[in-house]
2 protein chains.
Amino acid sequence: MSEPTPTIGSREKILDVAESLFARRGYAGVGLREVAETAGLGKSSLFHHFRSKSELYFAVLGRVLDRMDERLRPIFAGGAGPLERLDRIIEALIDELVEHPGSARLLLRALFEDDDFAEPLPEAEPVEGAIESIVGRLDALLREGVAAGVLRRVSTPHTVQTLIGATIYHFASGEFGETLLGGPLLSSEEVRRRKQEVKALLHHGLAATPATPGS
Amino acid sequence: MSEPTPTIGSREKILDVAESLFARRGYAGVGLREVAETAGLGKSSLFHHFRSKSELYFAVLGRVLDRMDERLRPIFAGGAGPLERLDRIIEALIDELVEHPGSARLLLRALFEDDDFAEPLPEAEPVEGAIESIVGRLDALLREGVAAGVLRRVSTPHTVQTLIGATIYHFASGEFGETLLGGPLLSSEEVRRRKQEVKALLHHGLAATPATPGS
DNA sequence: TTTATACCCGACCGATCGGTCGGTCTGCAA
DNA sequence: TTGCAGACCGACCGATCGGTCGGGTATAAA
């Protein structure tokens, strides 16, 4: 009676709490006791929904990647030109990172916390597949732009890395980024500015300059 | 007799080991027992050199930042034009990240693991100061370029973020980056390509385009 | 009314955590 | 020869870690 979500949603509540905590303090920095109690449960009840800590972690990561994929898929599949699709991908990616704070940190950590799990865990595979899928489509889009002559002859994997840095790292930078910008990272003004800066860098820095003689 | 560094250097050995481990698994993911034994000591001996885990951590970070500062300072202070100084900063930054693998991950983690330490620790202050100093000089250099008219009227803090992403994130990306590139991140060939890509993006994307009418 | 299932809990397990303590060994100065 | 300080160690501390276990409760099908 008192709870807004009486019984349904306990699993989602755990995922919400775990997403926030893992984003803030990383896999090793979060204890299951804190996750459970923040979600309003005893620690034992966690193991009713998730068999282990790593399964919970990859479930959180999977949910973040599913949201991202759902948002980006129609744009990748859209019929616009490569450069316009790239613009829309950047905007949608940033929108997703802003609407779900923590996603950026969680993803950034996932990209370079591979050493946390020495043995390859089976529950990690769908997550790795989802990352590969999104990154692969982004790389393909860049290749298409180069092939169509609308982008410079850049190394597309390096450009993928640069775009990840320009978006995911930026929104994961937390206090440091806010000190640098002198204000909140997620204000609509600063988000708009970030989109503009990244797109401008892309248009000036990646677009083929029609009048410039090639090297 | 058997040790190459008989007694002198035990502290440095600890710092070396801790740098590698903290870079790979983060602050919370590393136990002092492992640090000590990898350095060839008992755990108790660690506390003879460092009063606490956090003091060790910030000593490691401080050493990384000192190396970086020593390398970048003469370039910042040099007499070259802003654009050429920017090129040299990027090259020197990447050289430093390559010569000391782990630095990239350590620094990236430091930039967004602020939540690991809820209470402000006194030993963190010199580290924060060193970061602010380097970032401040980079920002000033970008401002100088804009003022001199050799750079577009970009937001300099946002551009700092982009450059951090393009350099530090890239060399921190580990297995993910190697999968993306299809080979080792630190091969001289791939390092050379990274420098070239970042500088090209900078020249095409940041340099003022003299013939283009402003918006 | 019985049985099955989902959900949740307190108590407990062995292991590991950061950190302390008392003490040993070595080299050097007095 | 003594004394002192730096370097090092094993044993131990309370706390917390991920995970298990047996049991309690509610709902719904049989």
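On a predicted model such as this, the values are computed, not experimentally measured, just so you know.

## Quick word on the overall build of chain A
Part 1 of the argument: Helices and strands together make up the secondary structure of chain A, namely 10 helices and zero strands.
Part 2 of the argument: Going from the N terminus to the C terminus, chain A shows its helices and strands as α-α-α-α-α-α-α-α-α-α.
Part 3 of the argument: Here chain A holds 215 residues, and 52% of them are scored as buried.
Part 4 of the argument: Taking all contacts inside chain A whose residues are at least 6 apart in sequence as the whole, residues at least 24 apart take part in 71%.

## Some points on the packing of aromatic side chains
Part 1 of the argument: Within the structure shown, the criterion is met by 15 aromatic pairs over all chains.
Part 2 of the argument: Taken together, the ring pairs in this structure connect Phe22, Tyr27, Tyr57, Phe58 and Phe117 of chain A into an aromatic cluster.

## What to know about the domain arrangement of chain A
All names here are of chain A.
Part 1 of the argument: If you check the domain split of chain A, you get domain 1 (1–51) and domain 2 (62–205).
Part 2 of the argument: The centre of domain 1, based on its C-alpha atoms, is set 27 Å off from the matching centre of domain 2.
Part 3 of the argument: Taken together, the 11 residues of domain 1 in the interface contact 11 residues of domain 2.
Part 4 of the argument: For the pair domain 1 and domain 2, the summed buried area comes to about 810 Å², and 51% of that belongs to carbon and sulfur atoms.
Part 5 of the argument: Of all residues in domain 1, Glu19, Ala23 and Tyr27 bury the most surface against domain 2, accounting for 64% of the area lost on that side.
Part 6 of the argument: In this assembly, domain 1 and domain 2 are joined by three salt bridges.
Part 7 of the argument: Taking the shortest distance from any N to any O, the salt bridge between Asp16 and Arg63 comes out at 2.8 Å.
Part 8 of the argument: Summed over the shared surface of domain 1 and domain 2, the result is four residue pairs in polar contact (both at pLDDT 80 or more).
Part 9 of the argument: Class assignment of the residues belonging to the side of domain 1 that touches domain 2 gives a composition of five nonpolar, one polar and five charged.

## Details of the relation of the copies chain B and chain A
Part 1 of the argument: Overlaying chain B with chain A gives an RMSD of 0.0 Å, the required rotation being 180 degrees about an axis along which the chain moves by 0.0 Å. The transformation relating the two chain copies, once decomposed into turn and shift, fits a two-fold axis.
Part 2 of the argument: Most of the interface of chain B is mirrored in chain A, where 100% of its interface residues are also at the interface.

## Some words on the interface of chain B and chain A
Part 1 of the argument: Facing 46 residues of chain B, the contacting portion of chain A comprises 46 residues.
Part 2 of the argument: Buried area between chain B and chain A, both sides added, is near 4,300 Å², and the carbon and sulfur share of it is 62%.
Part 3 of the argument: Broken down residue by residue, the surface that chain B buries against chain A is led by Phe112, His158 and Gln161 of chain B, which jointly contribute 18%.
Part 4 of the argument: For the pair chain B and chain A, the number of links is zero salt bridges.
Part 5 of the argument: Seen at the junction of chain B and chain A, the total is 16 residue pairs in polar contact (both at pLDDT 80 or more).

## Topic: helix H7 (residues 125–147) of chain A
Residues separated by three or four positions in an α-helix point in the same direction, a consequence of the helix having 3.6 residues per turn.
Part 1 of the argument: The terminal C-alpha atoms of H7 of chain A, which comprises 23 residues, lie 32 Å apart, in line with the 33 Å expected from a rise of 1.5 Å per residue.
Part 2 of the argument: Of the positions making up H7 of chain A, those classed as buried are Val127, Ile131, Ile134, Val135, Leu138, Asp139, Leu141, Leu142, Gly145 and Val146 of chain A.
Part 3 of the argument: Residues of H7 of chain A that are buried make contact with helix H4 (53–77), helix H5 (82–99), helix H6 (103–112) and helix H8 (156–172) of chain A together with helix H9 (174–181) of chain B.
Part 4 of the argument: Where H7 of chain A terminates, the next one or two residues include Gly149 of chain A, which has phi positive at roughly 85 degrees.

## What to know about the protein's contact with DNA strand C
Part 1 of the argument: Near DNA strand C lie 15 residues; those nearest to it are Gly42, Ser44 and His49 of chain A together with Lys43 and Lys53 of chain B.
Part 2 of the argument: In DNA strand C, atoms within 4 Å of the protein come from the sugar-phosphate backbone in 49% of cases.
Part 3 of the argument: Here a phosphate oxygen of DNA strand C sits 3.2 Å away from a polar atom, N or O, in the side chain of Ser10 of chain A.
Part 4 of the argument: Here a phosphate oxygen of DNA strand C sits 3.2 Å away from a polar atom, N or O, in the side chain of His48 of chain A.
Part 5 of the argument: Going through the elements one at a time, helix H3 (43–49) of chain A together with helix H3 (43–49) of chain B are the ones with two or more residues in the surface near DNA strand C.

## Quick notes on the side chain of Glu190 of chain A
Part 1 of the argument: Looking at the secondary structure, you find Glu190 of chain A in helix H10 (residues 188–205).
Part 2 of the argument: Glu190 of chain A gets classed as buried once you look at its relative accessible area, which sits at 8%.
Part 3 of the argument: Those residues in contact with Glu190 of chain A, other than ones at most four positions away along the chain, are Leu181, Pro184 and Leu185 of chain A together with His158 of chain B.

Definitions and limits used
- Residues numbered from 1 in each chain as written.
- Chains lettered and ligands numbered in written order.
- Predicted model: local features only at pLDDT ≥ 70, side-chain atom pairs only at ≥ 80, totals over all residues.
- Heavy atoms only, no water.
- Helix = DSSP H or I, 4+ residues; strand = E, 2+ residues; numbered from the N terminus.
- Buried < 20%, exposed > 50% of the residue type's maximum accessible area, 1.4 Å probe, protein only.
- Contact = heavy atoms within 4.5 Å.
- Phe/Tyr/Trp six-rings, centres within 6.5 Å; stacked < 30°, edge-to-face > 60°.
- Domains from an automatic or database assignment.
- Buried area = accessible area lost by both parts, 1.4 Å probe.
- Salt bridge = Lys/Arg side-chain N within 4 Å of Asp/Glu carboxyl O.
- Polar contact = N/O pair within 3.5 Å; in protein donor to acceptor, adjacent residues only side chain to side chain.
- Nonpolar A, V, L, I, M, F, W, Y, C, P; charged D, E, K, R; others polar.
- Least-squares fit on C-alpha atoms with pLDDT ≥ 70 in both.
- Expected span 1.5 Å × (residues − 1).
- Near = heavy atom within 4 Å.

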